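Architecture and fold: a report
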Amino acid sequence: QLVESGGGLVQAGGSLRLSCAASGRTFSRYGMGWFRQAPGKEREFVAGIKWSGANTYYADSVKGRFTISRDNAKNTVYLQMNSLKPEDTAVYYCASHFTPYRTVVSGNRDEYDYWGQGTQVTVSS
């Protein structure tokens with residue numbers, strides 16, 4: 001089970017930190033990803049992190065503004081979002097990759113099999 005938190009309403013240029021708490025699976029074995037879905041659009045990859053935390057991967061649209069991290073002792077993955085823009089408005093989902101100990105961070109949503117319920121992020125202009 002994955003449970004996201006930390007979403008909300010923020011002005012453009014502001015920051016938010018999302019958290020995703022995991023249970024029911026050995027969290028530390030699996031890569032994790034953050035995705036988002038805006039109204040009328042497909043769910044898109046935002047950021048991913050290797051099971052060990054050693055590697056990360058970002059969508060071009062968030063590179064340099066967002067940072068993904070994880071704490072395997074707390075079974076939690078985070079997404080620090082800075083310099084937020086109105087186009088970042090979406091429901092944000094965390095997800096767990098289906099392959100344990102994968103060496104490459106994937107941005108392919110079809111490779112993630114456990115999903116949280118999502119948390120709304122709204123950025124006002």
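**A look at the overall build of the protein chain**
- Within the protein chain one finds zero helices and 11 strands.
- Over its C-alpha atoms the protein chain spans a radius of gyration of 13 Å, differing by no more than 12% from the 14 Å that the globule rule assigns to 125 residues.
- A burial count over the protein chain gives 43% of its 125 residues as buried.
- Across the protein chain, the fraction of contacts at a sequence separation of at least 24, relative to all contacts at a separation of at least 6, is 59%.
- Here the protein chain has roughly 6,200 Å² of accessible surface; of this, 46% comes from carbon and sulfur atoms.

**As for the nonpolar core**
- If you look at the biggest cluster of nonpolar residues, it comprises 31 residues, and the most contacted ones within it are Trp34, Leu79, Met81 and Tyr92.
- Broken down by secondary-structure element, the contributors of at least two residues to this core are strand S3 (16-22), strand S4 (30-37), strand S5 (44-49), strand S7 (66-71), strand S8 (76-81), strand S9 (90-100) and strand S11 (119-124).
- Here Leu79 is in contact with Leu16, Arg17, Leu18, Trp34, Val46, Ala47, Phe66, Thr67, Ile68 and Tyr92, once residues within four sequence places are set aside.

**Section: the state of the cysteines**
- This structure, assessed with the given rule, holds one disulfide.
- Here Cys20 is linked by a disulfide to Cys94, with a sulfur-sulfur distance of 1.9 Å. Taking the torsion about the sulfur-sulfur bond, which here is approximately 50°, the covalent link between Cys20 and Cys94 counts as right-handed. Here Cys20, found in strand S3, pairs with Cys94, found in strand S9; they are 74 residues apart in sequence, far enough to count as distant.

**So, the packing of aromatic side chains**
- One pass over the full model with this rule turns up six aromatic pairs.
- Seen from their ring centres, Phe35 and Phe45 are 5.6 Å apart, and the 75° between their planes marks the pair as edge-to-face. Here the residue Phe35 occupies a position in strand S4, and Phe45 occupies one in strand S5, the gap between them amounting to 10 residues. Just as Phe35 is buried, Phe45 falls in that class too.
- Relative to Tyr101, the ring of Trp51 lies with its centre 4.9 Å away and its plane at 85°, an arrangement referred to as edge-to-face. Separated by 50 residues along the polypeptide, Trp51 in the loop between S5 and strand S6 (56-58) and Tyr101 in the loop between S9 and strand S10 (112-115) bring together distant segments of the chain.
- On the basis of relative accessible area, Tyr101 is assigned to the partly exposed category, the value being 45%.
- Within the aromatic cluster, the residues linked to one another by ring pairs are Phe35, Phe45, Tyr57, Tyr112 and Trp115.
- Positioned above the aromatic ring of Tyr93 is the side chain of Arg43, whose terminal nitrogen or guanidinium carbon lies 3.7 Å from the ring centre.
- Above the ring of Phe27, the side-chain terminus of Arg70 is found at 4.3 Å from the ring centroid.

Conventions and cut-offs
Residues numbered from 1 in each chain as written. Predicted model: local features only at pLDDT ≥ 70, side-chain atom pairs only at ≥ 80, totals over all residues. Heavy atoms only, no water. Helix = DSSP H or I, 4+ residues; strand = E, 2+ residues; numbered from the N terminus. Rg over C-alpha atoms; globule rule 2.2 N^0.38 Å. Buried < 20%, exposed > 50% of the residue type's maximum accessible area, 1.4 Å probe, protein only. Contact = heavy atoms within 4.5 Å. Areas by Shrake-Rupley, 256 points an atom, 1.4 Å probe, with all protein chains shown as cover. Core = buried A, V, L, I, M, F, W, Y, C linked by side-chain atoms within 4.5 Å. Disulfide = S-S within 2.5 Å. Phe/Tyr/Trp six-rings, centres within 6.5 Å; stacked < 30°, edge-to-face > 60°. Lys NZ or Arg CZ within 6 Å of the ring centre and 35° of its normal.

Note that all results are geometric; they support no functional claim without further evidence.
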